[in-house]
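Structure assessment
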Amino acid sequence: MRKFLLMISIVFMMMIVAACSSNNDSDSEGEGANDNSGSSDSGEEYTMGVTYTTPETGSTHMGMEKFKELVEENSDGQITVELYPSGQLYASEREAIEAAQAGNIEMTVTASAPVAGFDKRFMALDLPFIFPDHETAYEALDGELGQKLLDGLPEIGLVGLAYGETGMRQFSNSERPIESPEDMEGLKIRVMENEVHIDTLSAYGADASPFAFGELYSALQQNIYDGMENPLNLIDQMKFYEVQDYLTISNHAYTATVGFMNADFHDSLPEDLQKVLKDSAVEAMDYQRGVARQQDEEGLEVIKENMEINELSQEQKQKFIDAADEIFKKYEDDIGTELMELARSYSE
């Protein structure tokens, strides 16, 4: 009997120990699961590509190098940025924008003009002589006008981060000096893929049509086009002065650049990393603007040695402004009355 009772006691004690051990294991497993769930997202790593058509010597590439540095540092290495300059992936800005929309590339930086082909409100930035100088353009883009335009990009699958610049645009050609709209009569001029640019040059009497920037040098060299319009820094960097004879300092349009991302990729990131991208883009694009303006000054010195240059007087400039007045009326419905009035307020 004593042996029987002893065996029962031993079995009973073993059951208690087993039950306690099971409870402890469950508690430990629960605590471990909570710890894992709290850390799984925080360490995730991302790689994003950035494409643009301008060369490695250009201000956009320098701005994107700054962007890469800032993003990788401020994300503690969670985001790796890969840069693809000089049209390595896409020869035209339209193709780059379409790739960003489709998610084939995470980010692109393009001139604002081609963006108007996807969101007509961006035509507001291409109206002739809308910004009299760089400072006014910065005020508009970094203020209400620029933000209103960025706010509409998610509707077309993009998220805008910040504005940089290519700068004030000038006329060049291989036929004659341009001092009045009449001097543009019959000239075949390359423009960006933007209806406002095409119609503005047409109003001056030119035969205007778009063409891929990465292939423009050859087109000018082969006389497919008589001329073009571009900022001084790009005329220098792309050596367009080798295939153009006359330059007119007209400042007829200001072209911003826009850094924007595929919306799905952007929205898949944690909010803290979204902020890293936004803040880094603003700082990098501001840096890029300074580089672009310095390159304008340096580029002009090179261009002076290779092209005949004239600068429009205010009286001459007014003739171009008057000749393009119809453009504002034509595009008011596309841009919207409120945005049109806001844009025109900067030219006053």
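Up top is the structure.
This section reports on the structure supplied with the text. A quick note: this is a predicted structure, and the numbers were derived from the prediction, not measured.

Description of the nonpolar core
- The biggest cluster of nonpolar side chains holds 55 residues, and the ones touching the most others in it are F122, F131, L145, Y163, M184 and L201.
- Within the second largest apolar cluster, 23 residues are counted, among which are L70, L83, L273 and M285.

Concerning the environment of I249
- Tracing the chain through its elements places I249 in strand β8 (residues 246-262).
- Relative accessible area serves as the criterion here: at 12%, I249 is assigned to the buried category.
- Here the alpha-carbon distance between I249 and S313, two residues 64 residues apart in the chain, equals 9.5 Å.

Examining the pattern of salt bridges
- One pass over the full model with this rule turns up 14 salt bridges.
- For K120, the salt bridge is made with E195, and the minimal N-O distance between the two is 3.6 Å. In this pair, K120 is assigned in the loop between α4 (112-115) and α5 (134-141) and E195 in helix α7 (residues 195-203), connecting sequence segments 75 residues apart.
- K120 sits in the partly exposed class, given a relative accessible area of 37%.

Thoughts on the packing of aromatic side chains
- Counted by the stated rule, this structure contains seven aromatic pairs.
- Cluster of aromatic residues (ring-pair linked, three or more members): F131, Y254 and Y346.
- Taking NZ or CZ as reference, K188 lies 5.3 Å from the ring centre of Y225, over its face.
- When the ring centre of F328 is taken as origin, the NZ or CZ atom of R344, which lies over that ring, is 4.0 Å away.

Remarks on the environment of P114
- One can find P114 in helix α4.
- Ignoring sequence-local partners within four residues, the contact set of P114 consists of E93, I97, M192 and E193.

Observations regarding the packing of helix α2 (residues 59-74) against helix α11 (residues 271-304)
- Put simply, α2 and α11 touch, their axes get as near as 8 Å, and they point 155° apart. Classed by the angle they form, the pair α2 and α11 counts as roughly antiparallel. Considering the relative orientation of α2 and α11, their crossing is right-handed. Only V276, L277, S280, A281, E283, A284, M285, Y287, Q288, V291, A292 and Q295 of α11 make contact with α2, whose side of the interface consists of S59, T60, M62, G63, M64, K66, F67, L70, V71 and N74.
- Classifying every residue of the contact of α2 with α11 by side-chain character gives 13 nonpolar, seven polar and two charged.

What about a negative patch on the surface?
- A cluster of acidic residues, E69, E73, D76, E283 and D286, forms a negative patch on the protein surface.
- Secondary-structure elements contributing two or more residues to the negative patch are α2 and α11.
- Topologically, D76 is positioned in the loop between α2 and β2 (79-84).

As for the side chain of T60
- Here T60 lies in helix α2.
- Given the relative accessible area of 8%, T60 is considered buried.
- When sequence neighbours within four positions are dropped, the list of residues in contact with T60 reads Y52, T54, V109, T257 and Q288.

Some words on helix α15 (residues 337-345)
- Within α15, the full set of buried residues consists of L339, M340, L342 and A343. All buried residues of α15 project into a common sector of 165° when viewed along the axis, lining one side. Seen from the buried face of α15, the exposed residues on the opposite side, beyond 90 degrees, are E338 and E341.
- Elements that come into contact with the buried residues of α15 comprise α6 (144-151), α13 (325-330) and α14 (332-335).

Some details on the pairing of β2
- Burial of β2 is one-sided: the residues I79, V81 and L83 facing one way are buried, the residues T80, E82 and Y84 facing the other way are not.
- As paired strands, strand β1 (residues 46-51) and β2 are joined by six bridges and run parallel to one another. Within β2, the position partnered with M48 by the bridge is V81.

As for the pairing of strand β3 (residues 107-111)
- Burial within β3 is extensive, with five of its five residues counted as buried.
- As judged from the five bridges shared by β3 and β8, these two strands associate in the antiparallel manner. Residue pairing for β8: V109 is matched across the bridge by G259.

Thoughts on the environment of K66
- Its location among the elements puts K66 in helix α2.
- Classification of K66 by relative accessible area gives partly exposed; the value is 24%.
- Along the primary structure K66 and A284 are separated by 218 residues, whereas in three dimensions their C-alpha atoms are 5.5 Å apart.
- Setting aside its immediate chain neighbours within four residues, K66 contacts A284 and Y287.

Digging into helix α3 (residues 93-102)
- Taken together, the buried positions of α3 are E93, A96, I97, A99 and A100. When α3 is viewed along its axis, its buried side chains cluster within an angular range of 160° and face the same direction.
- The inward-facing, buried residues of α3 abut β1, β3, α4, β4 (158-173) and β8.
- Once α3 finishes, G103 follows within two positions and takes phi at roughly 85°, a positive value.

Cut-offs used in this document
- Residues numbered from 1 in each chain as written.
- Predicted model: local features only at pLDDT ≥ 70, side-chain atom pairs only at ≥ 80, totals over all residues.
- Heavy atoms only, no water.
- Core = buried A, V, L, I, M, F, W, Y, C linked by side-chain atoms within 4.5 Å.
- Buried < 20%, exposed > 50% of the residue type's maximum accessible area, 1.4 Å probe, protein only.
- Helix = DSSP H or I, 4+ residues; strand = E, 2+ residues; numbered from the N terminus.
- Salt bridge = Lys/Arg side-chain N within 4 Å of Asp/Glu carboxyl O.
- Phe/Tyr/Trp six-rings, centres within 6.5 Å; stacked < 30°, edge-to-face > 60°.
- Lys NZ or Arg CZ within 6 Å of the ring centre and 35° of its normal.
- Contact = heavy atoms within 4.5 Å.
- Axes fitted to C-alpha atoms, helices over the stretch in contact; angles between N-to-C directions.
- Parallel < 35°, antiparallel > 145°, perpendicular 65-115°, else oblique.
- Left-handed = near helix turned anticlockwise from the far one by under 90°.
- Nonpolar A, V, L, I, M, F, W, Y, C, P; charged D, E, K, R; others polar.
- Patch = residues over 30% accessible without salt bridge, like charges linked within 9 Å, V, L, I, M, F, W, Y side chains within 5 Å.
- Areas by Shrake-Rupley, 256 points an atom, 1.4 Å probe, with all protein chains shown as cover.
- Lys, Arg positive; Asp, Glu negative; His and termini not counted.
- Charge placed at Lys NZ, Arg CZ, Asp CG, Glu CD.
- Arc of directions from axis to C-beta.
- Pairing = 2+ DSSP bridges.

Worth remembering: the numbers are spatial, not functional.
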